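Descriptive analysis of the structure
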Amino acid sequence: MSKFADRGLAAATSSRLLATLLVGTALSALALPGAAFAQTAEAEEEAGAESENVIVVEGIRSSLQSALAEERRADNLIEVIQAEDIGKLPDQNLAEVLENISGIQITREAGVGTAVQIRGTDENRTEINGVSTVGSGAGRGGISFEDLSASIVASVEVTKVPEASTIEGSVGGTINLRTIRPLDLSEPLIAARAQVEHSDFSESYLPRFSGTIGNRWSTGAGEFGVVLSGSYARQDVTAFRPRADRDAVVLPTDATASAEDFPFLRAQFFDQDLNNYEYETLNLVGSLEWSPSPELKFYFDGIYNDQKRRQESSRAQLSGVSASDVVDNTTNTSFETIDFGSLDGPNGPIDLGTVEAALTGVIEPGATDPNLRTSSNTGARLTKSHVWRLGGEWERDQFKVRLEGALSTSDTVNPDFTTTLDFINPNHAQPVFGGSVDNGVPVEFDLRDRTLQFGIAQGLATTPTTAQLLDPANYKLRQVQQSHDISENRELALRFDLTYDMEGSMPFITSIDAGYRFNETSSLNDDFSQNFNYTSATADFARPGADLFSDIVVPGPSNFGAADGRDLFIGDFLVIDPELSFSDPDAVRDAFNAAIAASNAANPDLPPVSPITEPTQSASAFFDIKEQTHAAYLQANFDGYDLGLPVRGNLGVRYVLTDVDSRGNTIVNGTASPVLQTGSYNFWLPRFNLVIEPAQDFVIRAGIARDINRPDFDDLSTSVSFSTGPNTPVSVGNPALVPEAVWSFDLSGDWYFAPSSLLSIGVFHKIRTNLFSRFQDDPAPNLDADGNLNIDITPPCEDGGIFNPIADRNINNPTPGDGICVPRVTTINGEGNTTQTGIEVAFQHDLSAYEDTLGFASGFGFIGNYTYQLTGGTAADFPTNFREADGPRDVFTRLGIVGAQDRITLPNLSKHSFNTTLFYDKYGLNARVRYTWRSSYVSTDSFFFGLPRINGARGQLNASVNYDITDNINIGVEGINLLQEDQSQFCVNNNALLCFQGLTDRRLIGSISITM
């Protein structure tokens, strides 16, 4: 039973037999691919509910009714989701909770919601109880939704149109996560919930526990309330991610045996990733409120988070597929026609036309390629964060004053220990000193039916047996990557807010709000790394075999076909034990060094292999940025009938002044020198909200607001971090970045045609200037006569890119070793403006008003929303807002399309998205089925063909069933991603060339809740 003062009593007793039958049916349905949703909230008590004939609602219907009432009362455009009971928001994950709101889309990692886009943008703020939070990285959005359990949040508020008092820094909106307020309790509160989650791919069963206690007392010293909440959760999620690169062209005139009488895209690289993430999250929340008199209240909130996200992933990759002799030995048995579509060029659309692409075939080894490499990718994000809030409110006569101090911190350590082995095929020519350190395996690929399948070709003379693939003596140490990165973020804020009640003093103006806020925000990044590449056919030829460290070697995962039933994949291979690499990297390093010493001793005539040392500080990656911001606002609130209709709203302005100090290092001839850069900026941010009620239960809202979007801290830094990949872009900051400025215009109409029902239609338009645009500068390919890469290996990379001193050159240059020019990525302020225009439609209704007619069927209800968005603006008029399209192998140039360019577009923005929910709430049974879908969008992953990748359209089906055994005990089951929907990723354009697949997990959760 609810413990909130504004909640209704328990529902009238009903037929438990009928409910039992219903829950049995629902649970049976959940065992099939079903789905669920819940948009929940506190129920609002209805006056005059004295008669026994009056229906008292609770659960989903109550929460929807209360949320709508709060939205309706607001003077600006907000959306609210409230928990239907203690610790029971509609979804387990906060990102997926927010996905229930119109205009909100989310991105997922291994099937888990990790990021939220409001109206097509990630540039939003996250607050807890109105306090700004800081994240675990260099971003501005605040605390990660992975780091907080939905069970400790009582309600979620999304502000789409800000008031002058709203803290600046959002493009799409501000998310406020609200916890239970102690003085809202009407009686003692004790609630607990236990859950167990099963993951199909991980085959794990892991626990979750949450609990809340609270009470409110009336004493001689006033009203006093305390609420303590806690949550502990473990989660194990897995995703399979196959990749097939076909970003090189074979022309009929090329001197290769595999050429056809038509141009085609050939197989270039294959990668089989299994991504596994294990989460362990502890959240603690404490709130105290003391009201010594009706005019005075003090409050204190403390929130502690301890997040451990552990990665134990593995991958098997087939590299060297592009070597000229391997291309000669490739038999392509079928092709598909790829329609590349068109690019939005500076002078209009550029039609890329169609091209054939290799679809199936067999690749036999050349002299040394293609080689099989296996990796164990282990790392973690270990984050501890705090949010503290202390303040007081005083109200006397016409004045209301609030004074508050807050501190938000986030300290993160990212340890990483990644190892790579080379498989040396006993059935192929063996490596030769001075020639190569690896050799080849035969490959079969079958990319039909939008499925990226590949593996070791069977039945050939060079085909390794299962026993050979699982023999440590056939593996050599190739690479060891070590890092230990530290991130420390802080925000200290002090604010003063004053309201002066103008009632009776001025017509129409009801009150004046004014306030001041000071905050100091800082972000420190310090990286420690050490990488070893054993790829030289001379200096590293004596590298140790895995038989010298066989006690730390284990078979890789063999269940890659479990996601979609595929038969063709790499099922037998060895990797370094990922669990040991994570838990005890020192032991793994010691084992490697012992093996290196033994191999050096056994090969005295070969150059000695260098031992592996511990990570050292990377001076080039260090930055320490501090900001001080002074903000003040003035706002007039109005309410009246001066226009002949009920009219209310507010008009105000916010002024922001920010000073920035950025410290970093510059590296000249290997020597680091500290650099300090300073800057400042100021903005006036006018904001206007208008609410008109032209008829009963009908509300028209309009809003105009200006806001800013500050650049991420790493985008401002001059520091640089390198990886060992020859194709991995290196991000370089831009200290000259200035904040985006955003004008937002909103107009909506809401019809509240029943207590928990709504039909809403709204339009919005945003104008963004100084847009942050991601720009990638690729090094010139310098292709030789056979089409092989010969990328520059000397600084300063005059032909493009940036020199990476630790990158393994691999196939990008015929000279083995480390150090090569790699893609350079930076963020710039785009010229002109970019606009976002959208339509949001929402509908919700339940059948509770028809109980006398429908009986048990009156428990059904429906919630749905749809969002349409498109972009435009004057940015297309400026050449700096376009990127070159070709990639490192000059694909389009070789196809006769020279100088192709594409306009830089907004990432993570889907043109269409919708959510639909069918729910049942009656007789103690609470069930829901939710399907959510979004259309394709530009990803933020690394580029192919010089262009960003496109995530294809994807839907997801969730479902849940809960049943009240008694008034105090509830049991339930929830299914997440029941249809195991895949995530396809395309190159160039949506539905063009399939490059990646994400085969995601299905998870089932059982729960029992007790409320006293």
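Residues numbered from 1 in each chain as written. Predicted model: local features only at pLDDT ≥ 70, side-chain atom pairs only at ≥ 80, totals over all residues. Heavy atoms only, no water.

Under the 1.5 Å per step criterion, the end-to-end length of helix α2 (residues 59-73) is 22 Å for 15 residues, consistent within 8% with the ideal 21 Å. When you tally the buried positions in α2, you get 13 out of 15 residues, the bulk of the element. (Helix = DSSP H or I, 4+ residues; strand = E, 2+ residues; numbered from the N terminus. Expected span 1.5 Å × (residues − 1). Buried < 20%, exposed > 50% of the residue type's maximum accessible area, 1.4 Å probe, protein only.)

Our next topic: the pattern of salt bridges. Under the counting rule described, the total for this entry stands at 55 salt bridges. Its salt-bridge partner being Glu109, residue Arg309 comes within 3.1 Å of it at the nearest N-O pair. Residue Arg309 is located in strand β14 (residues 296-319), and its partner Glu109 is located in strand β2 (residues 104-109); the two are separated by 200 residues in the primary sequence. Exposure remark for Arg309: the relative accessible area of 17% places this residue in the buried category. On the accessibility criterion, Glu109 (26% relative accessible area) is partly exposed. Taking the shortest distance from any N to any O, the salt bridge between Arg654 and Glu168 comes out at 2.8 Å. Placement of the pair is Arg654 in strand β26 (residues 647-668) and Glu168 in the loop between β6 (155-159) and β7 (174-178), with a sequence separation of 486 residues. The exposure class of Glu168 is buried, given its relative accessible area of 3%. (Salt bridge = Lys/Arg side-chain N within 4 Å of Asp/Glu carboxyl O.)

Let us now look at the environment of Thr510. Inspection of the secondary structure puts Thr510 in strand β22 (residues 509-533). Using a relative accessible area of 17% as the deciding quantity, one classes Thr510 as buried. Expressed as a C-alpha distance, the spacing of Thr510 and Ser858, which sit 348 residues apart in the sequence, is 42 Å. If we ignore the near neighbours within four places in the chain, the residues touching Thr510 are Tyr500, Asp501, Met502, Glu503, Asn637, Phe638 and Asp639. (Contact = heavy atoms within 4.5 Å.)

Moving on, we get to the state of the cysteines. In total, this model carries two disulfides according to the counting rule given. The disulfide partner of Cys797 is Cys821, and the gap between their sulfur atoms is 2.0 Å. Disulfide Cys797 to Cys821: torsion about the S-S bond roughly -95°, handedness left-handed. Linking Cys797 in the loop between β32 (772-777) and β33 (802-808) with Cys821 in strand β34 (residues 818-822), this pair joins segments that are 24 residues apart in sequence. Each sulfur of the disulfide joining Cys987 and Cys995 lies 1.9 Å from the other. The two residues Cys987 and Cys995 agree in class, both being buried. Each bonded cysteine of the protein is numbered by sequence order, and under that numbering the disulfide pairs are 1-2, 3-4. (Disulfide = S-S within 2.5 Å.)

Our next topic: the side chain of Arg687. With respect to the element layout, Arg687 can be found in strand β27 (residues 671-695). A polar contact is formed between the side chain of Arg687 and the backbone oxygen of Glu163, at a distance of 2.7 Å. For Arg687, the side chain forms a polar contact with the side chain of Asp707, separated by 3.4 Å. (Polar contact = N/O pair within 3.5 Å; in protein donor to acceptor, adjacent residues only side chain to side chain.)

So, about the nonpolar core. Ranked by size, the top nonpolar core spans 47 residues in total, and within it Phe270, Leu372, Phe549 and Phe592 carry the most contacts. Looking at this core, the elements with two or more residues in it are β14, β16 (348-363), β18 (399-423), β19 (443-446), β20 (453-456), β21 (475-501), β24 (574-576) and α7 (585-602). It is α7 that provides the largest number of residues to this core, a total of five residues. With residues up to four places along the chain from it excluded, the contact list for Phe270 reads Arg243, Ala244, Ala316, Gln317, Leu318, Val321, Ile363, Val443, Phe445 and Phe454. Core analysis: the next-biggest nonpolar cluster, separate from the first, contains 28 residues, Ile101, Ile104, Phe145 and Ala406 among them. (Core = buried A, V, L, I, M, F, W, Y, C linked by side-chain atoms within 4.5 Å.)

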